[in-house]
Amino acid sequence: MIKLGIFDSGLGGLTVYKTLRESIPCADILYLGDTARVPYGTKSAATVTRYAIEIVRYLVDREVEAVVVACNTASAYAMDTLRKTARVPVFGVVFPGARAAVKATRNGIVGVVGTRGTVASGAYQRAIEKLSPTIKVHASPCPLFVPLVEEGWLEDEITHQVAQRYLEPLIAEKVDTLVLGCTHYPLLKNVISKIMGDDVVLIDSAEETGFKVKDYLACEDRLRERKPGGDQFEVTDSPSRFAEVGRIFLNRSLENVSQVNVTEGDEVDGSDL
Ligand code: DGL
């Protein structure tokens, strides 16, 4: 049996969970959403890296055999550190998204959208330039996309207006490929595609990461198991909001969401004050 851990700052990583669940039905998946400390997209590299280390340690203690860092901001800031410190393979979303963009572009001009942290980190820009130094990358933060998705306003007029404002500079740069470099953005594909036009290829980092993890397991000859795997959803704050908004991501209700503490012993709790 394969046991995979996925982590995200909150519930956006459900886009990655969905592709993993579809492409690797036999895996047991433990999803950890750090809802007590979300958002990561506005926090510093040092803070996000510390959170990511704590969570990967927690997941490894729960005996997962690989960790998928679904959160783009955590992948952008912390992948190198996580790979060096974790005892199991760690997969991020940045490299698979970058690789797909390099394959897709025809005119060599790629756009990247993500949180402020992801864009400021330069991680997508570096990954794309490393794969193909002649490609020009234009990256733009779209911070209002996350709350719009969590409101469920996936195709509203207001979402369209916000997207238009964020995306116009990328249209002006003539990008022919756009990386959706944030967990939530794949839910806005319809609106983004309407604005960018049919000729612009949208790269879904969540989907690309699912393929990459599947390839890894296939190489290890681990996909023969026929029995469907189980899901476990854990969050660091009250589970009710996660279960409610999770419906927007999965079109189904989420059961068995439990609250856990990933920093047991390390943090001061109220009783110490
Ligand atoms: N999950 C985050 C990401 O993909 C978006 C939400 C946040 O800012 O924490 O970057």
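Residues numbered from 1 in each chain as written. Predicted model: local features only at pLDDT ≥ 70, side-chain atom pairs only at ≥ 80, totals over all residues. Heavy atoms only, no water.

## What to know about the packing of helix α2 (residues 45-61) against helix α3 (residues 72-85)
- Running from N to C, α2 and α3 cross one another at 65°; their axes reach a closest spacing of 9 Å. On the basis of the axis angle, α2 is roughly perpendicular to α3. Handedness of the α2/α3 crossing: right-handed. Within the contact between the two elements, α2 uses Ala45, Val48, Thr49, Ala52, Ile53 and Val56 and α3 uses Thr73, Ala74, Tyr77, Ala78, Thr81 and Leu82.
- Its residues placed into classes, the contact of α2 with α3 shows 9 nonpolar, 3 polar and no charged. (Axes fitted to C-alpha atoms, helices over the stretch in contact; angles between N-to-C directions. Helix = DSSP H or I, 4+ residues; strand = E, 2+ residues; numbered from the N terminus. Parallel < 35°, antiparallel > 145°, perpendicular 65-115°, else oblique. Left-handed = near helix turned anticlockwise from the far one by under 90°. Contact = heavy atoms within 4.5 Å. Nonpolar A, V, L, I, M, F, W, Y, C, P; charged D, E, K, R; others polar.)

## Observations concerning the environment of Asp204
- Looking at the element boundaries, Asp204 is found in strand β8 (residues 201-204).
- As a C-alpha pair, Asp204 and Tyr185 span 19 residues in sequence and 8.3 Å in three-dimensional space.
- Beyond its immediate stretch of four places on either side in the chain, Asp204 contacts Pro186 and Lys189.

## Thoughts on the sheet that holds strand β6 (residues 136-141)
- Taken in spatial order, the 4 strands make up an open sheet running β6-β5-β7-β8, and their pairing is parallel. The open sheet has two edge strands, β6 and β8, and neither has a second partner. Strand-to-strand twist in this sheet, taken as the mean axis angle between neighbours without regard to direction, amounts to 20°.
- The strands touched by helix α4 (residues 94-104) within the sheet are β5 (109-114), β7 (177-181) and β8, with β8 carrying the most contacts at an inclination of about 160°. (Pairing = 2+ DSSP bridges.)

## Observations concerning the pairing of β8
- Looking at chain direction, β7 and β8 are connected through 4 bridges and run parallel. Following the sheet pairing, Val179 is matched in β8 by Ile203.
- Viewed along the sheet, the connection from β7 through helix α9 (residues 189-196) into β8 turns out right-handed. (Right-handed = clockwise from strand over helix to strand, strands pointing away.)

## Here we look at α9
- Inspection of α9 places Val191, Ile192, Ile195 and Met196 among the buried residues, and these make up the whole buried set. Seen along its axis, α9 keeps its buried residues to an arc of 120°; they face one direction.
- Check the buried side of α9 and you find it contacts α7 (145-150), α8 (157-172), β7 and β8. (Buried < 20%, exposed > 50% of the residue type's maximum accessible area, 1.4 Å probe, protein only. Arc of directions from axis to C-beta.)

## Thoughts on the layout of surface pockets
- Within this model, the largest pocket holds a volume of roughly 510 Å³.
- In this structure, the largest pocket is lined by 30 residues; those nearest its centre are Ser9, Val38, Pro39, Val146 and Glu150.
- Breaking the lining of the largest pocket down by element, the ones donating at least two residues are α3, α7 and α11 (239-250).
- Counting residues per element, the lining of the largest pocket draws most heavily on α11, which supplies 4 residues.
- By residue class, the composition of the lining of the largest pocket is 12 nonpolar, 13 polar and 5 charged.
- Approximately 380 Å³ is the volume found for the second largest pocket.
- What lines the second largest pocket is a set of 18 residues, and nearest its centre among them are Met79, Asp80, Val94, Ala123 and Ala127.
- Within the residue set of the lining of the second largest pocket, elements represented by two or more residues are α3, β4 (90-92), α4 and α6 (123-131).
- For the lining of the second largest pocket, the leading source of residues is α3, giving 7 residues.
- For the lining of the second largest pocket, the class distribution of residues is 11 nonpolar, 2 polar and 5 charged. (1 Å grid on protein atoms, 1.4 Å probe; cavity = no way out; pocket = protein on both sides within 12 Å on 5 of 7 lines; lining within 4 Å. Points joined across faces, edges and corners; volume = space filled by probe spheres on them.)

## Here we look at the site of the ligand
- By nearness alone, every residue bordering the ligand is listed as Asp8, Ser9, Val38, Pro39, Tyr40, Gly41, Cys71, Asn72, Thr73, Thr115, Cys182 and Thr183.
- A distance of 2.6 Å is found between an oxygen atom of the ligand and a side-chain nitrogen or oxygen belonging to Ser9.
- At a threshold of 2 Å from the grid points, most atoms of the ligand map onto the largest pocket.
- Among the residues making up the shell around the ligand, the classes are represented as 5 nonpolar, 6 polar and 1 charged. (Near = heavy atom within 4 Å. Polar contact = N/O pair within 3.5 Å; in protein donor to acceptor, adjacent residues only side chain to side chain. Sits in = over half its atoms within 2 Å of the grid points.)

## Quick notes on the pairing of strand β3 (residues 66-69)
- Alternating positions in β3 separate into two faces, Ala66 and Val68 on one and Val67 and Val69 on the other, with burial throughout.
- Bridge count for strand β1 (residues 3-8) against β3 is 4 bridges, and the pairing is parallel. Directly across from Leu4, in β3, lies its bridge partner Ala66.
- Bridge count between β3 and β4: 3 bridges; the pairing is parallel. By the bridge assignment, Val67 is partnered in β4 with Val90.
- Handedness of the crossover is the feature at issue here: the chain leaves β3, passes through α3, returns alongside β4, and the resulting connection is right-handed.

Read these as spatial facts, not as claims about activity.
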